[in-house]
Amino acid sequence: SNEEIEILVQKLKSYFQQELDLDIGQFDCEFLLDFISTEIGAFYYNKGLADAQAIINDKMDDIADAFYGIEKATSFVNK
């Protein structure tokens, strides 16, 4: 949303001012944010997806183990 973009722009401007002693303009900062989002954001997005997939896989393993744990012994042999 526009509000979220404005918050991110202000964070970037603040960082440049505090850490680099640079006063970056609103327009330049918006272009920088766009560049970061486009060129670098995909890396973090993909990492987040991989992390989420790992969590889901772990949970699915837990569920499979739980099913195995409640199986009842039988005299039948599965073929």
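Placed above this text is the structure.
Parameters and conventions
Residues numbered from 1 in each chain as written. Predicted model: local features only at pLDDT ≥ 70, side-chain atom pairs only at ≥ 80, totals over all residues. Heavy atoms only, no water. Patch = residues over 30% accessible without salt bridge, like charges linked within 9 Å, V, L, I, M, F, W, Y side chains within 5 Å. Areas by Shrake-Rupley, 256 points an atom, 1.4 Å probe, with all protein chains shown as cover. Salt bridge = Lys/Arg side-chain N within 4 Å of Asp/Glu carboxyl O. Helix = DSSP H or I, 4+ residues; strand = E, 2+ residues; numbered from the N terminus. Buried < 20%, exposed > 50% of the residue type's maximum accessible area, 1.4 Å probe, protein only. Phe/Tyr/Trp six-rings, centres within 6.5 Å; stacked < 30°, edge-to-face > 60°.

For this particular structure, what's the right way to read a nonpolar patch on the surface?
Taken together, the side chains of Phe35, Ile36, Ile40, Phe43 and Tyr44 define a hydrophobic patch exposed on the protein surface, amounting to about 530 Å² of accessible area. Mapped onto the secondary structure, tyrosine 44 falls in helix α2 (residues 26-70).

Explanation requested: the pattern of salt bridges in the structure shown.
Opposite charge on two side chains allows them to pair when their charged atoms are near. In the structure shown here, the tally under the stated rule is 1 salt bridge. A salt bridge links aspartate 51 to lysine 47, with the nearest nitrogen and oxygen atoms 2.9 Å apart. Of this pair, aspartate 51 and lysine 47 both sit in helix α2, 4 residues apart, roughly one helical turn. In this structure lysine 47 comes out as partly exposed when scored by relative accessible area, which is 44%.

What's the story with the packing of aromatic side chains in this structure? I'm lost.
Any two aromatic rings considered together are summarised by their centre-to-centre distance and by the angle between their planes. As enumerated under the stated definition, the model contains 3 aromatic pairs in all. An angle of 85 degrees between the planes, with centres 6.1 Å apart, marks the rings of tyrosine 15 and phenylalanine 16 as edge-to-face. By relative accessible area, tyrosine 15 is classed as partly exposed at 46%. Residue classification places phenylalanine 16 among the buried positions, given a relative accessible area of 18%. Ring geometry for phenylalanine 27 versus phenylalanine 31: centroids 4.7 Å apart, planes at 80 degrees, classification edge-to-face.

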